[in-house]
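A look at the structure
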Amino acid sequence: MKNLATRRSEAWTEHGRDLYCPHSPDCKPCSTECCAHYNPDTNECIHVEAAQAQVRAAEALERLVTARNEPEDLRIELEVAKEMIRVLEADNHEIRLRNVELARLAGKGA
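Now for a description of the structure that goes with this document. (Residues numbered from 1 in each chain as written. Predicted model: local features only at pLDDT ≥ 70, side-chain atom pairs only at ≥ 80, totals over all residues. Heavy atoms only, no water.)

1. A short note on the overall build of the chain
Tallying secondary structure elements over the chain gives three helices and two strands in all. What you see in the chain, going N to C, is helices and strands ordered as α-β-β-α-α. Burial analysis of the chain (110 residues in total) assigns 21% to the buried set. Surface exposure of the chain reaches about 8000 Å², of which carbon and sulfur atoms provide 58%. (Helix = DSSP H or I, 4+ residues; strand = E, 2+ residues; numbered from the N terminus. Buried < 20%, exposed > 50% of the residue type's maximum accessible area, 1.4 Å probe, protein only. Areas by Shrake-Rupley, 256 points an atom, 1.4 Å probe, with all protein chains shown as cover.)

Dropping the structure here:
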């Protein structure tokens, strides 16, 4: 999947329109780097990252459910699912830390 900056640029270049953020008041145009939802480490919106993580988790669960009833297949899929959970927990922790920092900075500006 193309990152946020690329999708935003292509939307403007190819269609003459901007991307809009459903999480901003009045659904304003996406402001990428200036947005509190922008993750500079991945050049992506944290809401897109969360949706992508949900898809990965659902795919891992689907593989687990549809695995043949062979013990080795189930063990492998279970390990994949456990790793996915570890990654999602780490991602969620990073997002929580970023939100706490943003709230702290917003409080200073008030």
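Alright, that's what it looks like, and here's the rest.
2. Here's the deal with the side chain of E49
Tracing the backbone shows E49 in helix α2 (residues 46-66). A relative accessible area of 16% means that E49 is categorised as buried. A polar side-chain atom of E49 sits 2.2 Å from a polar atom in the side chain of T42. Those residues in contact with E49, other than ones at most four positions away along the chain, are N39, T42 and E44. (Polar contact = N/O pair within 3.5 Å; in protein donor to acceptor, adjacent residues only side chain to side chain. Contact = heavy atoms within 4.5 Å.)

3. Observations concerning the pattern of salt bridges
Using the criterion set out here, one finds three salt bridges in the structure. Between E79 and K82 there is a salt bridge, with its nearest N and O atoms 3.8 Å apart. Remark: K82 and E79 occur in helix α3 (residues 71-109); sequence separation between them is three residues, near one turn of the helix. A salt bridge links E83 to R86; the shortest N-O distance between them is 2.9 Å. (Salt bridge = Lys/Arg side-chain N within 4 Å of Asp/Glu carboxyl O.)

4. Thoughts on helix α1 (residues 4-15)
With 12 residues, α1 should reach 16 Å at 1.5 Å per residue; the first-to-last C-alpha distance of 16 Å fits that figure. Structurally, α1 contributes buried residues whose contacts are with β1 (38-39), β2 (44-45) and α2. Positive backbone phi, approximately 65°, marks G16, located one or two places after α1. (Expected span 1.5 Å × (residues − 1).)

5. So, unusual backbone geometry
Positive phi outside glycine occurs at N43, with the angle close to 60°. Within the secondary structure, N43 is located in the loop between β1 and β2.

6. Focus: the environment of C30
Take C30: it is sitting in the loop between α1 and β1. On the basis of relative accessibility, which here comes to 11%, the residue C30 falls in the buried class. Sequence separation between C30 and D18 is 12 residues, and the spatial gap between their C-alpha atoms is 7.2 Å. What C30 contacts, discounting residues up to four positions off in sequence, is L4, R8, D18, L19, Y20 and C21.

7. Considerations on α2
Between its terminal C-alpha atoms α2 stretches 30 Å, which fits the 30 Å expected from 21 residues at 1.5 Å a residue. Every buried residue belonging to α2 is among I46, V48, E49, A53 and A60, and all of these are buried. The arc that holds the buried residues of α2, viewed along the axis, is 155°, so those residues lie on one side. Within α2, the exposed residues directed more than 90 degrees away from the buried face are Q54, L61, E62, V65 and T66. (Arc of directions from axis to C-beta.)

All quantities given are derived from atomic positions and should not be read as evidence of function.
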